[in-house]
Amino acid sequence: MPAITAAMVGELRAKTDAPMMECKKALTEADGDMTKAEEILRVKLGSKASKAASRVTAEGVIVSYIQGNIGALLEVNCETDFVARREEFKKLVNDVAMQIAACPNVEYVKVADIPAEISAKEKEIEMGRDDLANKPDNIKEKIVAGRIEKRLKELSLLDQPFIRDQNISIDELLKQAIAALGENIQVRRFQRFVLGEGIEKEETDFAAEVAAQMGQKAPEPVAAAPQVEEKAPEPAAKDNPPAKGKKKK
């Protein structure tokens, strides 16, 4: 029988709203099968085992995280203000905000939030790759589907490996918190900021800018002196020998 972890118990509790010990017993009885354990709880507890997703998570916190020129704003919801004030919940939210700041590619909370047109565009790009040109269509479809899934997960916050523990994802981190705190917890929204992002910087002449501030005219660039071609000196003329006078007869 597989080991029953706290994350499994927390996930089952989030799905069924059943007490923690009942969730653990159901998972043990079901040999770790989540679907079977959920059915066991529904039989035992009836209407009490309603899905936690139907419970309103209107409490929670909004936090900011800033590191150098990068910042993040994050809203995480829970069910009660009692849990929202607990240090464990605040630490969880700060860890997730730090994760957002550290992940420049993340744009959505989960894969289900990504618009269909983005998935369609990724498929169009992948289908045109040269390395798939000679592949049979059925093989090509499988390869493209795998690549698209990988790409979409790169955009999803919940699918990122947790920076403090690469063995778990952010989604699993949330499930652990649900198990520990006993409430449904949802990442609602976030925004990542980079200083100066999207601003087109204008290049200026520093000397001209300083001169303008001082009320002076900017120095004009000095024109290069024209180069004068030097002529080679002419060879000196040879002295003609003096003419000999005629002898008198």
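A brief structural summary.

Calculation rules
- Residues numbered from 1 in each chain as written.
- Predicted model: local features only at pLDDT ≥ 70, side-chain atom pairs only at ≥ 80, totals over all residues.
- Heavy atoms only, no water.
- Core = buried A, V, L, I, M, F, W, Y, C linked by side-chain atoms within 4.5 Å.
- Buried < 20%, exposed > 50% of the residue type's maximum accessible area, 1.4 Å probe, protein only.
- Helix = DSSP H or I, 4+ residues; strand = E, 2+ residues; numbered from the N terminus.
- Contact = heavy atoms within 4.5 Å.
- Axes fitted to C-alpha atoms, helices over the stretch in contact; angles between N-to-C directions.
- Parallel < 35°, antiparallel > 145°, perpendicular 65-115°, else oblique.
- Nonpolar A, V, L, I, M, F, W, Y, C, P; charged D, E, K, R; others polar.
- Expected span 1.5 Å × (residues − 1).
- Pairing = 2+ DSSP bridges.
- Polar contact = N/O pair within 3.5 Å; in protein donor to acceptor, adjacent residues only side chain to side chain.

Attention now moves to the nonpolar core. With 31 residues, the main nonpolar core has Leu-74, Phe-89, Val-96, Leu-157 and Ile-185 as its most contacted residues. Breaking this core down by element, the ones donating at least two residues are strand 2 (70-78), helix 4 (81-84), helix 5 (87-102), helix 8 (170-181) and strand 5 (186-194). Of all the elements, helix 5 adds the most residues to this core, at seven residues. If we ignore the near neighbours within four places in the chain, the residues touching Phe-89 are Gly-60, Val-61, Val-76, Asn-77, Cys-78, Val-83, Ala-84, Leu-181 and Ile-185. Cys-23, Ala-26, Leu-27 and Met-34 belong to the second-largest nonpolar core, a separate cluster that totals twelve residues.

Packing of helix 1 (residues 6-16) against helix 8 brings their axes to within 7 Å, and their N-to-C directions diverge by 75°. Relative to helix 8, the element helix 1 lies roughly perpendicular. In this structure, helix 1 uses Ala-6, Ala-7, Gly-10, Glu-11 and Ala-14 to contact helix 8, whose residues at the interface are Lys-175, Gln-176, Ile-178 and Ala-179. Split by residue class, the contact of helix 1 with helix 8 holds five nonpolar, two polar and two charged.

This paragraph deals with helix 5. Over its 16 residues, helix 5 extends 22 Å from the first C-alpha to the last, a length consistent with the 22 Å expected when each residue adds 1.5 Å. Considered for burial, the residues of helix 5 that qualify are Phe-89, Leu-92, Val-93, Asp-95, Val-96, Ala-97, Met-98, Gln-99, Ile-100 and Ala-101. Where helix 5 is buried, its residues meet strand 1 (59-67), strand 2, helix 4, strand 3 (161-162), helix 8 and strand 5.

As defined by bridge partners, strand 3 adjoins strand 4 (residues 165-169) across two bridges and the pair is classed as antiparallel. Of the residues in strand 4, the one forming a bridge with Pro-161 is Ser-169. Hairpin connection, strand 3 to strand 4: the antiparallel pair is bridged by two residues.

Taken together, the three strands give an open sheet; going across it, the order is 1-2-5, and neighbouring strands pair in antiparallel fashion. Either end of the sheet is taken by a strand with one partner, and the two such strands are strand 1 and strand 5. Geometrically, the sheet is characterised by an average inter-axis angle of 10° between neighbouring strands, direction not taken into account. Both strand 1 and strand 2 contribute to a ladder of nine bridges, which runs antiparallel. Residue Gly-60 lies in a different strand from strand 2, and its bridge partner there is Asn-77. Packing against the sheet, helix 5 makes contact with strand 1, strand 2 and strand 5, and its axis sits at approximately 140° to strand 2.

We now examine the side chain of Arg-192. Within the secondary structure, Arg-192 sits in strand 5. Reaching out from Arg-192, the side chain makes a polar contact with the backbone oxygen of Ile-100 at a distance of 3.1 Å. Looking at Arg-192, its side chain comes within polar contact range of the main-chain oxygen of Ala-101, at 3.0 Å. Setting aside residues no more than four positions away along its own chain, Arg-192 makes contact with Ile-70, Gly-71, Ala-72, Ile-100, Ala-101, Cys-103 and Pro-104.

Without other data, these values stay purely geometric and don't point to any function.
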